[in-house]
Amino acid sequence: MPLCQPGSCAGEQRGLGSSANLGGVIGRGGGEVAPEFCKVGESCVTMPDAFQPGGKTPVPLDPIDLALFSSRLDAVCDEMGVILRQAAFSPNIRDRLDFSCAIFDRCGLLCAQAAHIPVHLGSMAYAMADIVAAVDWRDGDMLVLNDPYLGGTHLPDVTLVAPLFIGGELTAFVVNRAHHADIGASSPGSMPVSASLEEEGVVISPRHLIRAGVLDDATLGGILGATRNPQDARGDFLAQIGANRVGVRRLTGLAGGMGREGFDAALADLNAYGERLARAALARIPAGVYGFEDLMDDDGQGNRDIPIRLTMTVSPSGVRLDFTGTADQVAGNINCPLAVAAAAVLYVFRCLMPPQTPACAGSFRPISLHAPAGCLINARRPAAVAAGNVETSTRLVDVVTGALAQVLPDLIPAASHGSMNNLAMGSRAQGRAWDYYETIGGGMGAGARGGGWSGVQTHMTNTLNTPVEVLEARLPLRVLRYALRQGSGGAGARQGGEGLVRELLFLAPTEATLLTERRRRGPWGCAGGEPGARGRNLVNGREVPGKTSVLLQPGDALTIETPGGGGWGRTTLARGRGIRGS
C-alpha cells in the first residue's frame, strides 16, 4: 500500500521499540516492494510516492513558481546551517561544518536539503517516515536521536527533529544532524576500534528533548553527563535547537502564506518534477545487468578483505541494486544500517542528474536497493557501526560507480581515495580532558574530462579542515606538515589526484584512534588507468594498522599519508593523442 493516502499519512502510528521497525521495508513505494526482488526476512528500500493533497485540486505551479518554491525551501535549509555553524562551540561543527539540515513533509518524505553531508541526509531520507509516524507530535516539540538501528547512522551523529504546524495541523518537519566529537565513548573522539554498539557511546533512542516548547533538562542532562566537557556539548545541542527553531519560523512563513493545501500541492509538483528529471538522467544508462565487487581492508578485529558485491539491473522502469553476496556483518565496527547504504546509492545517482534536480523524494523514486538482513550493509543490533557510516559508505560509492563505469566509461571517474581517513583523539586527564575528531582528504579519481583534484574530501563527506591555527590554539599539539603527497595519484591518460600528508607533534599524553581504509590496496583506475597509491599511517616513522588505537607521549609524531586517486585511461593513449595528465 502507498505510504501516504490522499490527504493524510496512511496507517496508524507505529512504535520504534526494536531495530526490526527500521530493519524491514524502511520506505514503501507506490505499491508493495516487488516480491520477486525482496525475499521474506530480507530488506529492500524504495522511495515512496509523495502524498497528494486532499480536497479540491489546486492549480499546478508554473515552471517559474516551482523554481522559486524549490529555491525557498533550499534557502530555509541554508539558513539553518548558518545558525548552527555560528552558534556551535566545537571545532567539528563550527570549523569543519560536520552537520546537515533538511526539510521533510508531514509523512517524513524528503522535500529539500542543503549541500552539506551526503551520508547524513541520504540516510535521513529513509529513516524519517518511521520516526515521524511513531510520535504524537505537538507544536513546539523537538525529538532527539542517534540510535543507528532506529533512524541514526553512528552514535556521534545526533539528529534533532522539529514539527511545523499550520492552523493546528501537522504540515512538515525541519531536521538537522551534527557530529559530536564526544558522545560518551570510552576513547576520546568517540570513534573507537569497537566490537559492539555499547562501546561507541550513549545510545539515544528517539525521545523528546523539548515537549510543547519546554526543554527536558533530565534528558539533556543524561546525555551531557556522559561527555568529558558537558558545557561544550551543551553549547552544540543548543545550537542545534536554535537552528531548528529558525527553520520552523522560516518554513512557517512560506507554508503559512500558501496554506496547508497549497503547500501540499506544491510539494507534489516538486516531487513530480524531480522524478521526471531523474528518469531522464537514468535513461542514459543502457539497459542490462551489471556486477561489481570491491573489498574492505579489514574490520579492526582480525577479519580482512571483506567483500561488498553488487548486481545492478537497469530497465525502463528504473534501477535496482541487489547486494546479495556481500559479506555478513563482522565483529568490528565497519557494519552499517541499511539507511547508510541507501545514502551512498542515492548520492551516486544524484551525481548523474542535472544540477537543477531538487533534493526531494520524487527524484529518487526510480531507484531501489536490496541487501540481505544481517549482512555488512544491513547490520543488526548490537553490531558496531562507528566506521560503517564513514568507511563502508565510501566503499559502497566505489562499488556502485564501478558497476556504472562498465557502461558509462566517459562519464564515470576512477575511484577516489576511498577513505575518510578518520582521526579521533583526546585525553581523559582530570581537569584537562579534551576530544577532537577530523576526517582528512585525499586524491580524487581522474575521469575522461580531466585529472583528479588533489587533497580534497570526496563523495560521502563534504567537510572542511580545521584551520591549523585553531588546532594549535585549542589542543596540545603542533602541525608539523600538511602537504600534498607527491606521486600518489594513479598514472593514466588522466592522472589521479594526489593524497595528503598530515603530521602532528604531540605536546601532552594523547589517546588517538585511526579508522582508515585503502591501506592494503590503492583505489582502482578506470578505462585502463593505474590505481592510486595506498595510504599509510605511521607513529614515529613506524607503520601502524589502518584501524588502531595508540597512546602518544609528548614528543611523539603521528603521520597520516592518505591514498591518491585512481588514474583514467591508458598512458599510451595519452602519448598518442598528446593528452596531458592533469
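Small disclaimer: the values here were computed from a predicted structure and weren't measured. Each chain has its residues counted from 1, running along the sequence as written. Confidence filtering applies because this is a predicted model: local features only for residues at pLDDT of at least 70, side-chain atom pairs given and counted only at 80 or more, and all residues used for totals across whole chains, interfaces and linings. To get the side-chain values, take all heavy atoms of the structure and skip hydrogens and water.

1. With respect to the packing of aromatic side chains
Stacked, tilted and edge-to-face pairs are distinguished by plane angle, under 30 degrees for stacked and over 60 for edge-to-face with tilted covering the rest, among Phe, Tyr and Trp rings (Trp via its six-membered ring) whose centres lie within 6.5 Å. Tallied over the entire structure, the rule returns three aromatic pairs. Between F69 and F263 the ring centres are 5.9 Å apart and the planes differ by 70 degrees, which places this aromatic pair in the edge-to-face class. A residue pair is termed long-range when its members are at least 10 positions apart, and F69 in helix α2 (residues 63-87) and F263 in helix α7 (residues 260-282) qualify at 194 residues. Each member of the pair, F69 as well as F263, carries the same accessibility label: buried. Going along the chain from the N terminus, every DSSP run of H or I of four or more residues is numbered as a helix, and every run of E of two or more is numbered as a strand. A simple rule labels every residue: compare its accessible area, found with a 1.4 Å probe on the protein chains alone, to the largest value its type can have, and call it buried under 20%, exposed over 50%, or partly exposed in between.

2. Here's the deal with the sheet that holds strand β18 (residues 499-506)
By definition, two strands form a pair when at least two bridges between them are found by DSSP. With respect to topology, five strands assemble into an open sheet ordered β17-β18-β23-β20-β21, the strand pairing being antiparallel. The open sheet has two edge strands, β17 (477-485) and β21 (542-544), and neither has a second partner. Across this sheet, the average inter-strand angle for adjacent strands is 20 degrees, counted without regard to direction. Lines fitted to C-alpha atoms define the axes here, with helix axes fitted over just the stretch in contact, and angles between the N-to-C directions of these axes take values from 0 to 180 degrees.

3. Describing the side chain of D299
With respect to the helices and strands, D299 occurs in the loop between β11 (288-298) and β12 (304-315). By the counting scheme adopted, Arg and Lys are positive, Glu and Asp are negative, and His together with the chain ends is not counted. By salt bridge we mean one thing: a side-chain nitrogen of Lys or Arg within 4 Å of a carboxyl oxygen of Asp or Glu. No salt bridge is formed by the buried D299; the nearest opposite charge belongs to K547, separated by 7.6 Å. Only 2.8 Å separates the side chain of D299 from the side chain of N303, close enough to count as a polar contact. A polar contact of 2.9 Å, which involves the side chain of D299, links it to the backbone nitrogen of G332. Every residue pair with non-hydrogen atoms within 4.5 Å of one another is taken to be in contact. Each residue touching D299, except ones within four places of it in the same chain, is listed here: I306, V330, A331, G332, N333, I334 and K547. Polar contacts, as counted here, are pairs of nitrogen or oxygen atoms within 3.5 Å of one another; within protein the pair requires one atom able to donate a hydrogen and one able to accept it, and residues that are adjacent in sequence qualify only if both atoms are side-chain atoms.

4. Some words on the packing of helix α8 (residues 338-352) against helix α9 (residues 388-405)
Where α8 contacts α9, the two axes come as close as 9 Å, and the packing angle between them is 45 degrees. Between α8 and α9, the interaxial angle falls into the category oblique. For the pair α8 and α9, the sense of crossing is right-handed. For the pair α8 and α9, the contacting residues are V340, A341, A344, V345, Y347, V348, F349 and L352 in the first and G388, N389, S393, L396, V397, V400, T401 and L404 in the second. Under the scheme applied, nonpolar residues are Ala, Val, Leu, Ile, Met, Phe, Trp, Tyr, Cys and Pro; charged residues are Asp, Glu, Lys and Arg; polar residues are all the others, including Gly. A per-class count over the contact of α8 with α9 returns twelve nonpolar, four polar and no charged. Orientation is classified from the angle alone, with under 35 degrees giving roughly parallel, over 145 giving roughly antiparallel, 65 to 115 giving roughly perpendicular, and any other angle giving oblique. Take the far helix as your reference; a near helix turned counterclockwise from it by less than a right angle gives a left-handed crossing, and one turned clockwise gives a right-handed crossing.

5. Points about α9
Taking 1.5 Å of rise per residue, 18 residues should cover 26 Å, and α9 covers 24 Å from first to last C-alpha, within 8% of that figure. Of all 18 residues making up α9, 18 are buried, and the element is well covered by its neighbours. Helix span, as expected, comes to 1.5 Å for every residue beyond the first.

6. Some thoughts on empty space enclosed by the protein
Using a grid of 1 Å spacing that covers the protein atoms alone, one calls a set of points a cavity when a 1.4 Å probe fits there but cannot get out, and a pocket when the set is open and has protein on both sides within 12 Å along at least five of seven lines; lining residues are those with an atom within 4 Å of a point. Grid points are joined across faces, edges and corners, and a volume is the space filled by probe spheres set on the points. Using the criterion set out here, one finds three cavities of 30 Å³ or more in the structure. Of the voids in this model, the second largest cavity is the one considered here, and its volume is about 70 Å³. Lining the second largest cavity are 14 residues, with D98, H120, V390, M420 and T461 positioned closest to its centre. Breaking the lining of the second largest cavity down by element, the ones donating at least two residues are α4 (118-133) and α9.

7. Overview of the side chain of D298
By secondary structure assignment, the location of D298 is in strand β11. The class for D298 is buried, based on a relative accessible area of 16%. In terms of polar contacts, D298 uses its side chain to reach the backbone amide nitrogen of G300, at 2.8 Å. Once residues within four sequence positions are removed from consideration, D298 is found in contact with N303, R304, I306, I334, E517 and K547.

8. Section: the nonpolar core
Joining through side-chain atoms within 4.5 Å is the link that ties buried Ala, Val, Leu, Ile, Met, Phe, Trp, Tyr and Cys residues into a set, and such a set is a nonpolar core. M312, L321, F323 and F349 are the most contacted members of the largest nonpolar core, which has 86 residues in total. Broken down by element, this core gets its largest block of residues, 13 residues, from α8. Judged by nonpolar contacts, the second largest core, of 52 residues, contains Y149, A162, I204 and V248.

9. So, the layout of surface pockets
Size it by volume and the largest pocket reaches roughly 1400 Å³. Lining the largest pocket we find 49 residues, and of these Y347, R350, C351, L352 and H459 sit closest to its centre. When contributions to the lining of the largest pocket are tallied by element, the ones reaching two or more residues are α2, β5 (110-113), α4, α8 and α9. When residues in the lining of the largest pocket are grouped by element, the largest group, seven residues, is from α8. When the residues that make up the lining of the largest pocket are grouped by side-chain class, the tally is 26 nonpolar, 18 polar and five charged.

10. Some remarks on the pattern of salt bridges
Under the defined criterion, the tally for this structure stands at 28 salt bridges. Ionic pairing is found between D294 and R518, a salt bridge with its closest N-O pair at 2.9 Å. Taken together, the residues D294 in strand β11 and R518 in the loop between β19 (510-515) and β20 (536-539) connect sequence positions 224 residues apart. Between E561 and R536 there is a salt bridge, with its nearest N and O atoms 3.0 Å apart. A residue pair is termed long-range when its members are at least 10 positions apart, and E561 in strand β23 (residues 557-561) and R536 in strand β20 qualify at 25 residues. With relative accessibility at 12%, the residue E561 sits in the buried group. According to the relative accessible area criterion, R536 is partly exposed, its value standing at 28%. Counted as one network, the salt bridges with shared partners bring together D294, D298, R395, D398, E517, R518 and K547.

11. Side note on the environment of N540
Mapped onto the elements of the fold, N540 is located in the loop between β20 and β21. Note: C-alpha distance between N540 and E503 (37 residues apart in sequence) is 10.0 Å. When near neighbours in sequence (up to four residues on either side) are disregarded, N540 contacts G555, D556 and A557.

12. Examining the pairing of strand β9 (residues 207-211)
Pairing of strand β6 (residues 142-145) with β9 involves three bridges; the strand directions are antiparallel. Its bridge partner lying in β9, L143 is registered against H208. In terms of strand pairing, β9 meets strand β10 (residues 214-215) through two bridges, oriented antiparallel. Across the sheet, R211 pairs through a bridge with V214, a residue of β10.

13. Observations concerning the packing of helix α5 (residues 217-224) against helix α6 (residues 230-258)
Across the interface, α5 lies against α6 with an axial gap of 10 Å and an inter-helix angle of 130 degrees. It follows that α5 is oblique to α6 by the angle criterion. Crossing angle aside, the handedness with which α5 passes α6 is right-handed. Residue-level contacts link L220, I223 and L224 of α5 to P230, A233, R234 and F237 of α6.

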